[in-house]
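If you want the building blocks of each chain, they are given just below.
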Amino acid sequence: MENKELIKNLRTNITMCFLEGCPRADKCVRHLAYEMLGDQKACGTTVLPSSLKDGQCDLFYEATVRRYAKGAQRMFDEVRMKHYETIKEKVKRILGGRTSYYRCLRGEKLITEEQQQRIADLFNSYGYDADKLYDEYVYSY
């Protein structure tokens, strides 16, 4: 998958890095985001030169492609009413609370691989299939 497509899926408020001479810049999402999106933004958060010490950056974010779930409108379609409230509350906790939960369900916030696994384990523990919980998957850094 091309870098432009992967960068497009990043959250809009990502911290960008424009530091010259960083030995790991080509492997850092923050620097790649700056290269792709830097001219489209007038302001935002950035990595300061003090972060780079002895060739190591405190804010290095490795450019590893991850699979995120996007949207979960049908997550509870197969869940019995007697389990619904319990599972829903546990999913809310996994996703970081009420607001984050609803943003994830609507596809406004992506669900990480770790969160997907925890939700799958939860559904499996109640005897439900966890294969079709999400609307779609997207790949991003």
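Here the structure is a predicted model, which means the values were calculated and not measured.

Trainee: Would you explain the overall build of the chain in this entry?
Mentor: Looking only at helices and strands, the chain has five helices and four strands in total. Mapped from its N terminus to its C terminus, the chain presents α and β elements in the order α-α-β-β-β-α-α-α-β. In terms of overall size, the chain is more extended than a compact globule, its C-alpha atoms giving a radius of gyration of 18 Å where 141 residues would be expected to give roughly 14 Å. In terms of overall dimensions, the chain has C-alpha extents of about 60 × 30 × 25 Å along its principal axes.

Trainee: Explain the packing of helix H3 (residues 81-95) against helix H5 (residues 113-125) to me, please; I cannot follow it from the model alone.
Mentor: For any two helices packed against each other, one specifies the crossing angle of their axes together with the interaxial distance. Packing of H3 against H5 leaves a shortest axis separation of 10 Å and a crossing angle of 165°. By the angle between their directions, the pair H3 and H5 is classed as roughly antiparallel. For the crossing formed where H3 meets H5, the hand is right-handed. Listed contacts from H5 to Ile87, Lys90, Val91, Ile94 and Leu95 of H3 are Gln115, Arg118, Ile119, Leu122 and Phe123. Partitioning the contact of H3 with H5 into residue classes produces seven nonpolar, one polar and two charged.

Trainee: When you look at the packing of aromatic side chains in this model, what are you seeing that I'm missing?
Mentor: How two aromatic rings sit relative to each other is set out by the distance from centre to centre and by the angle between their planes. All chains considered together, the criterion is met by six aromatic pairs. Among the aromatic residues, those joined into a cluster by ring pairs are Phe76, Tyr84, Phe123 and Tyr128. The side chain of Arg24 reaches across the aromatic face of Phe60, ending 3.6 Å from its centre. In this structure, Arg67 is placed above the aromatic ring of Tyr137, and the distance from its NZ or CZ to the ring centre is 3.7 Å.

Trainee: Would you take a moment to explain the nonpolar core for this structure?
Mentor: Generally speaking, soluble globular proteins have nonpolar side chains that are buried together. Within the largest apolar cluster, 21 residues are counted, with the highest numbers of intra-cluster contacts made by Met75, Phe76, Ile87, Val91, Ile119, Phe123 and Tyr134. Among all residues touching Met75, those that are not within four sequence positions of it are Val91, Ile119, Phe123, Leu133 and Tyr134.

Trainee: Looking at this model, I keep getting lost on H3. Mind explaining?
Mentor: Given 3.6 residues per turn, any residue in an α-helix points the same way as the ones three and four places further on. With 15 residues, H3 should reach 21 Å at 1.5 Å per residue; the first-to-last C-alpha distance of 21 Å fits that figure. Where H3 is concerned, the buried positions are His83, Ile87, Lys88, Val91, Lys92, Ile94 and Leu95. Those residues of H3 that are buried lie in contact with helix H4 (98-106) and H5.

Trainee: Got a minute to help me understand empty space enclosed by the protein in this structure?
Mentor: Empty space left among the atoms is revealed by rolling a probe the size of a water molecule over them. This model, assessed by the stated rule, comprises one cavity of 30 Å³ or more. Quantified by volume, the largest cavity comes out at close to 50 Å³. Around the largest cavity, the lining residues are Cys17, Leu19, Cys22, Ala25, Cys28, His31, Cys57 and Phe60. Here the lining of the largest cavity is built from residues that sort into seven nonpolar, one polar and no charged.

Rules and cut-offs
- Residues numbered from 1 in each chain as written.
- Predicted model: local features only at pLDDT ≥ 70, side-chain atom pairs only at ≥ 80, totals over all residues.
- Heavy atoms only, no water.
- Helix = DSSP H or I, 4+ residues; strand = E, 2+ residues; numbered from the N terminus.
- Rg over C-alpha atoms; globule rule 2.2 N^0.38 Å.
- Axes fitted to C-alpha atoms, helices over the stretch in contact; angles between N-to-C directions.
- Parallel < 35°, antiparallel > 145°, perpendicular 65-115°, else oblique.
- Left-handed = near helix turned anticlockwise from the far one by under 90°.
- Contact = heavy atoms within 4.5 Å.
- Nonpolar A, V, L, I, M, F, W, Y, C, P; charged D, E, K, R; others polar.
- Phe/Tyr/Trp six-rings, centres within 6.5 Å; stacked < 30°, edge-to-face > 60°.
- Lys NZ or Arg CZ within 6 Å of the ring centre and 35° of its normal.
- Core = buried A, V, L, I, M, F, W, Y, C linked by side-chain atoms within 4.5 Å.
- Buried < 20%, exposed > 50% of the residue type's maximum accessible area, 1.4 Å probe, protein only.
- Expected span 1.5 Å × (residues − 1).
- 1 Å grid on protein atoms, 1.4 Å probe; cavity = no way out; pocket = protein on both sides within 12 Å on 5 of 7 lines; lining within 4 Å.
- Points joined across faces, edges and corners; volume = space filled by probe spheres on them.

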